[in-house]
Amino acid sequence: MTIRPARSEVWLVTGSQHLYGPGPLAQVGANARAVAKALSAARPVPYPVVFKPVVTSADAVRAVCQEADQAPQCAGLVLWMHTFSPARMWIGGLSALRKPFAHLHTQFNRDLPWGTIDMDFMNLNQAAHGDREAGFLHARMRLPRKVVVGHWEDPEVQERLGAWMRVARGWQDLQGARIARLGDNMRRVAVTEGDKVAAEERFGFAVDGHGVGDLAAEVAAVPRGAVTRLCAEYVESYSVAAQLRRGGARHESLREAARIELGLRAFLVKGGFKGFTTTFEDLHGLRQLPGIAVQRLMAEGYGFGAEGDWKTAALVRLMKVIGSGLGGGTSFMEDYTYHLHPSGSLVLGAHMLEICPSIASGRPSLEVHPLGIGAREDPVRLVFGAPAGPALNASLIDLGDRFRLVANEVDVVEPPGPMPRLPVARAVWRCRPDFKTACGAWIRSGGAHHTAFSYAVTSEHLRDLAEIAGVELVLIDADTRLAGLEKELRWNESYYQPPRGGRI
Ligand code: MN
């Protein structure tokens, strides 16, 4: 992913109090410094955990929370009560804190020294009750947070914290992000609509509309030499159909696709955008619907939503940042068609063109085919399959009074047969817990036909995201039962009651 997020760090803020005196407090600080250093070096932890001086007063808590909110590189706080820290001193700081936090419930000493344990040891290793005092206050204040429990050297603890840090970085990246909306959304489609004001307030990203003519002008300005060079890069990178190669009957289509890619990239770079949408219903000035251009820009890290779907564009960008550096890619996706066989139903996911090659199982093939809908020239697109393995689909919908995140864990499978006549990139998956439950739950929840599909992002990431964003998550996984899910949806209608005149 080349469109990288800015630098990130989280701060380890350790709570204590003055009662212990300078000696033990110095030891607490040294221990916290060692924990921060070890976590920073741990493989599952994606970026630095920075030690912050131990806080022992309300003023100190307030100061570090204000500093965190002001520090652009700070993605969030990790709180830990090494010793007892009376929680009322945290009220002021945590009331003001805007950055996400995780509560790391750990203890510096892993083992109790049974033969030598004395009151000095007891007074230094107090997280067992110190963190309970903190947990009460967080619960009392209804603060969103992740609680991670266990010894700090435990790889599982590092995994849980690392997962949250990935989401905190994605959230940091989303604040102030701009999504370019080229043309409106597909006419009369409901689920791609939404409240852009509410989305910016809730998630921090802005959606900026542009006429497609703004893009067409960039495309027209692309120099011939740059087009020739990009076509050569295509030939290096993909299995390019003979008719598209230089001298082939459709080479001009390849050049046009390259011109669109260069123009689109220039447009996005100039505008400082992190994602974009297109729509096949508004292509004035463009000769093809962008295919390979969108695919390659997604692989570089841009979020994308087709048919004006700006919510999915933002979600794809967010999930790309969350999954960055993990194995497996992330793409825009659509539940396209079904294999309803009695031995096990499958979903074929694809789109007209715009699937990200970060999920390709092999070397993509570059081809040109008619689109079937729309009235433009045949678009050039990368065609490939996706590897078998666990993945998920996530959809962000606007219910009118709030946003809902719907997700389904799936298992991508090898397709039962080759599909030589299908000219689009695709993935074939089995839904968890089973096709009927998953699709029933998805439709009951109002999940969209467009999703962000990922091998890298897990349902744990999405839970952490929903907690940080303060949105409802409907997770469809191996444990889902329809009757329970239907009740959950009804209960959520009560839990997510908007204030009068407002929205959750
Ligand atoms: Mn679509």
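For the structure itself, consult the block above.
One structure accompanies this document, and this report is about it.

## Brief notes about the packing of helix H8 (residues 212–220) against helix H10 (residues 251–271)
Each packed pair of helices is defined by two parameters, the angle between the axes and the distance between the axes. Running from amino to carboxyl end, H8 crosses H10 at an angle of 120 degrees, the nearest separation of the two axes being 8 Å. Helix-helix and strand crossings are classified by hand; for H8 and H10 the assignment is right-handed. On the side of H8, the interface is formed by Asp 214, Leu 215, Glu 218 and Val 219, while H10 contributes Glu 256, Arg 259, Ile 260, Gly 263, Leu 264, Ala 266, Phe 267 and Lys 270. Here the residues of the contact of H8 with H10 are counted per class, giving six nonpolar, one polar and five charged.

## Quick notes on the pattern of salt bridges
Enumeration according to the criterion identifies 30 salt bridges in this entry. Across the pair Arg 317 and Asp 173 runs a salt bridge whose closest N-O atoms are separated by 2.9 Å. A residue pair is termed long-range when its members are at least 10 positions apart, and Arg 317 in helix H12 (residues 310–323) and Asp 173 in helix H6 (residues 155–174) qualify at 144 residues. Per residue, the accessibility class of Arg 317 equals that of Asp 173, and both read buried. For Glu 261, the salt bridge goes to Arg 265, with nearest N and O atoms at 2.7 Å. Highlighted residues: Glu 261 and Arg 265, both in helix H10, separated by four residues, approximately one helical turn. Exposure remark for Glu 261: the relative accessible area of 0% places this residue in the buried category.

## Describing the packing of helix H13 (residues 435–445) against helix H15 (residues 482–495)
Their axes nearest at 10 Å, the elements H13 and H15 cross at an angle of 15 degrees. Looking at the two axes, H13 sits roughly parallel to H15. The handedness of the crossing between H13 and H15 comes out as right-handed. On H15, the residues that touch Thr 437, Gly 440, Ala 441, Arg 444 and Ser 445 of H13 are Leu 482, Leu 485, Glu 486, Leu 489 and Arg 490.

## Structural notes on the side chain of Arg 255
Looking at the secondary structure, you find Arg 255 in helix H10. It is Glu 252 that comes nearest to the buried, bridge-free Arg 255 among opposite-charge side chains, at 4.3 Å. Once residues lying within four places of it in the same chain are set aside, the contact partners of Arg 255 are Arg 224, Val 227, Thr 228 and Cys 231.

## A short note on H15
In a regular helix each residue adds 1.5 Å, so 14 residues correspond to 20 Å; H15 covers 20 Å between its end C-alpha atoms and thus fits that length. Listed as buried for H15 are Leu 485, Leu 489 and Asn 492. Along the long axis of H15, the arc covered by the buried residues comes to 65 degrees, so they all point the same way. Of the exposed residues in H15, the ones pointing more than 90 degrees away from its buried face are Ala 483, Arg 490, Trp 491 and Ser 494. Looking at the buried side of H15, the elements it contacts are strand E16 (403–412), H13 and strand E19 (472–476).

## Brief notes about the sheet that holds strand E10 (residues 303–305)
A sheet is described by the order of its strands in space; here four strands give the open sequence E7-E6-E9-E10, paired in parallel fashion. Whereas interior strands pair on both sides, the edge strands pair on one side only; in this sheet they are strand E7 (206–210) and E10. Taken pair by pair, the neighbouring strands of this sheet meet at an average axis angle of 20 degrees, ignoring direction. Relative to E10, strand E9 (residues 275–277) is paired through three bridges, and the arrangement is parallel. Pairing of Thr 277 across the sheet is with Gly 305, part of E10.

## Focus: a nonpolar patch on the surface
A surface patch of nonpolar side chains, about 540 Å² in accessible area, is lined by Leu 112, Trp 114, Ile 117, Met 119 and Met 122. Structurally, Ile 117 is set in the loop between strand E4 (101–105) and helix H4 (119–124). The exposure class of Ile 117 is partly exposed, given its relative accessible area of 31%.

Rules and cut-offs
Residues numbered from 1 in each chain as written. Predicted model: local features only at pLDDT ≥ 70, side-chain atom pairs only at ≥ 80, totals over all residues. Heavy atoms only, no water. Axes fitted to C-alpha atoms, helices over the stretch in contact; angles between N-to-C directions. Helix = DSSP H or I, 4+ residues; strand = E, 2+ residues; numbered from the N terminus. Left-handed = near helix turned anticlockwise from the far one by under 90°. Contact = heavy atoms within 4.5 Å. Nonpolar A, V, L, I, M, F, W, Y, C, P; charged D, E, K, R; others polar. Salt bridge = Lys/Arg side-chain N within 4 Å of Asp/Glu carboxyl O. Buried < 20%, exposed > 50% of the residue type's maximum accessible area, 1.4 Å probe, protein only. Parallel < 35°, antiparallel > 145°, perpendicular 65-115°, else oblique. Lys, Arg positive; Asp, Glu negative; His and termini not counted. Expected span 1.5 Å × (residues − 1). Arc of directions from axis to C-beta. Pairing = 2+ DSSP bridges. Patch = residues over 30% accessible without salt bridge, like charges linked within 9 Å, V, L, I, M, F, W, Y side chains within 5 Å. Areas by Shrake-Rupley, 256 points an atom, 1.4 Å probe, with all protein chains shown as cover.

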